[in-house]
Structures are given as structure tokens and as C-alpha cells.
Amino acid sequence: MIGGGAWGTALAQVAARAGPVTLWAREAEVVEAINRDHANPLFLPGITLSPAIRATDILGDLRHSEALLVVAPAQHVRAVLAEAAIGATPLILCAKGIEAGSKLLVGEVAAQVAPRAPIAVLSGPTFAHEVAAGLPTAVTLACSDANLGAALAERLAGPALRPYLSSDVVGAEIGGAVKNVLAIACGVVEGAGLGQNARAALIARGFAEMTRFGLARGARAETLTGLSGLGDLVLTCSSTNSRNFSLGMGLGQGQSAQTLLAGKRSVAEGAFTAPVLQAAARDAGVEMPVVDAVCALLGGAPVGDVIEALLARPLREEHR
């Protein structure tokens, strides 16, 4: 397991039901707490972890793993994989985002850094604390190699975690990346007190943007309507447990992005993905007005002005 945050720790808890797990974390206090107390109070408080989980701050300790779940933030995946010297070990990518500068999906980054490693993507509607607590959860496990995908799904599946297989790696990644940005927008609706009608409309129109962008990048429409697209979007657009939704709430209340993001240990990926997604959409000739609005808010534009501009756009047919 590469990454000792809430999601990495929760996935380690799931995987430990079937055998030993080695978890790498940068934070010495996380490594010590997991090994000594079977807990990660910094990122996943209140959960007693399996003694089958061993933590380390040495990436080399992962070299003999049967597979590596990569749960580092999207903007750090390239550096972490380069440092880890992956070789041909299968990678299950769990980060959701698009790399700044290159505009590459995490899977595309991994293919550059570790060209011999088979790649799968794990995505879907998942709050880490619920997964770690053993509450029912379903996810998409996308892999172009059907046999490898089935083996990985069998290893990760448990009484409460149900992976659904897909061969659409790009679609699974795009759903996870775009929904983070749209969750910020829904948080703004909540923070600004715009009502439930507005949030429902935003989810629907945001999903239309996700679909347009996904199809332009080679995703399949059915993937985007599944767990890793619409499913994840619904979850993160309707709960303050979502870091992106909470960031949006603060923006909707008039706080600055700089203030809201300062000093946070956990990453609101949507804040970093939004400008990259905006640029990638323009490159692909895809219109994404909700994403544009989020970028304006992150840049400091007044909430009222952004909402007014979004609502004043020319009328159009819904499915075009």
C-alpha cells in the first residue's frame, strides 16, 4: 500500500482480511501508531486496524509485494512511483485526478514511469471511514487484462466490499477526477444557500460535462453512468464528509481558497484538478461551464458574480 492517509489505511484494512499487508507512509507518526497501536489517529481516528498491517517509511520494503495499491495524491504519483522503482509489479491506482502540466490521467503517468507494470484502477463511491468500518461498499475495478482484473478483485473483495470489473480504465479514471471538481461546485451551492433544486440541477449538468469530456478522451458512456462516475458523483456532491464538498461550502460562504486549503493534511484533489481539467477540456474542444465556474471561484472571483454568469448563459437544448 503506497500512502498512509485515510483511504490508503482503509484499503489496507480491507486487504488485510485475506493476508499480510505492508503500508508505506511518509509520516513517521503514522508508521509508529500503526505498528505500535494498530491505529492511524492522524488520518483515520476511531478505527482499530488489523495486526496483519505492517507500516514502513521505506519504499524498498514493498519490493516483494504481489501488487501495489497506489493511494498517494494524484500530483505526487509520478515522484513516488519513480522513487519506488516498481518494475513489473501490478499497480492498482486509487488516486483521483489529472497531473498538472502534462494533463495526463494517473494511469497515463504510471505507464510512463513504470512501463512494465500492469495497471488497474480502483474507483467508486467510497468514504474511507465507512470502508474501514466494514460498511457495505461497491467499487469499480478497471483493468485491460481480464485475468489480472479478476485476480485482483478476488484478493480485495470481502463481506462488505464488492468490486465490479470493467475493462475501461480511462472511463474509471475520468469519473473519479471530474467528480472531485463537481463536488466543489455542489458545496458552493450548499454554502451559498441556493437550495436543493440548484444542487440537483448542478449534479445533472455536471454529469453531462463529465460525459462530454469522458467520451472525448476515449471513455465508454456506460462506465460514466456506473459506480466510478455517477455513483461517486452522487456521494461526493451530497455530504460534508467529502473534502471537496467541504471546500466548496467554504467558498460559497465567501472564504478564500487559500485560507480553506492552508495547513490541511488531507488533500481536496478537486482544487488541483480543476485548472488542469479546464485546460484539458479546452484542448479537447469540450465545453465545461461548471468546471470554469469552479476555477473562477478558486481564483478568488466573488460567488455572486460567478453564479450570475453561469445562470445567464444562452439557452440551449439539453442533450447537445
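Residues numbered from 1 in each chain as written. Predicted model: local features only at pLDDT ≥ 70, side-chain atom pairs only at ≥ 80, totals over all residues. Heavy atoms only, no water.

Draft legend 1. Geometry of the state of the cysteines. A full pass over the atoms with the stated rule returns zero disulfides. The cysteine Cys94 is free of any disulfide, with Cys143 supplying the nearest cysteine sulfur at 13 Å. According to the relative accessible area criterion, Cys94 is buried, its value standing at 3%. Overall, the relative accessible area of 4% leaves Cys143 in the buried class. (Disulfide = S-S within 2.5 Å. Buried < 20%, exposed > 50% of the residue type's maximum accessible area, 1.4 Å probe, protein only.)

Draft legend 2. Fine view of the pairing of strand E6 (residues 137-143). Across the seven residues of E6, six count as buried, placing the element largely inside the fold. Judged from the four bridges that link them, strand E5 (residues 119-123) and E6 form a sheet pairing that is antiparallel. Residue pairing across strands places Leu122 opposite Leu141, the latter belonging to E6. Where E6 lies against strand E7 (residues 161-166), six bridges are found, and the strand directions are parallel. Bridging from a neighbouring strand, Thr140 pairs with Tyr164 of E7. Crossover E6 to E7 through helix H6 (residues 146-156) is right-handed. (Helix = DSSP H or I, 4+ residues; strand = E, 2+ residues; numbered from the N terminus. Pairing = 2+ DSSP bridges. Right-handed = clockwise from strand over helix to strand, strands pointing away.)

Draft legend 3. Spotlight on the packing of helix H14 (residues 289-298) against helix H15 (residues 303-311). Across the interface, H14 lies against H15 with an axial gap of 10 Å and an inter-helix angle of 165°. Judged by the inter-axis angle, H14 sits roughly antiparallel to H15. Our pair here, H14 against H15, has a crossing hand that is right-handed. Together, Pro289, Val290, Ala293, Ala296 and Leu297 of H14 and Val303, Val306 and Leu310 of H15 make up the contact between the two elements. Of the residues in the contact of H14 with H15, the class split is eight nonpolar, no polar and no charged. (Axes fitted to C-alpha atoms, helices over the stretch in contact; angles between N-to-C directions. Parallel < 35°, antiparallel > 145°, perpendicular 65-115°, else oblique. Left-handed = near helix turned anticlockwise from the far one by under 90°. Contact = heavy atoms within 4.5 Å. Nonpolar A, V, L, I, M, F, W, Y, C, P; charged D, E, K, R; others polar.)

Draft legend 4. Geometry of the environment of Ser242. You can see Ser242 is positioned in the loop between helix H10 (227-236) and helix H11 (243-252). In sequence terms Ser242 and Ala82 are 160 residues apart; their C-alpha atoms lie 29 Å from each other. Setting aside its immediate chain neighbours within four residues, Ser242 contacts Phe127, Ala183 and Thr236.

Draft legend 5. Up close: the packing of helix H13 (residues 269-284) against H14. One can describe the packing of H13 onto H14 by two numbers: an axis separation of 9 Å at closest approach and a directional angle of 135°. As the angle between them shows, H13 and H14 are arranged oblique. Where H13 crosses over H14, the handedness of that crossing is left-handed. Together, Ala271, Ala274, Pro275, Leu277, Gln278 and Arg282 of H13 and Val291, Asp292, Val294, Cys295 and Leu298 of H14 make up the contact between the two elements.

Draft legend 6. Region of the structure containing helix H8 (residues 196-216). Look at H8: 30 Å from first C-alpha to last across 21 residues, which is about the 30 Å you get at 1.5 Å a residue. Regarding H8, the residues found buried are Arg199, Leu202, Ile203, Gly206, Phe207, Ala208, Glu209, Met210, Thr211, Phe213 and Gly214. Tucked into the core, H8 has its buried residues touching helix H7 (169-191), helix H9 (221-224), H10, H11, H13 and H14. Among the residues trailing H8, Gly218 stands out with phi positive, at a value near 100°. (Expected span 1.5 Å × (residues − 1).)

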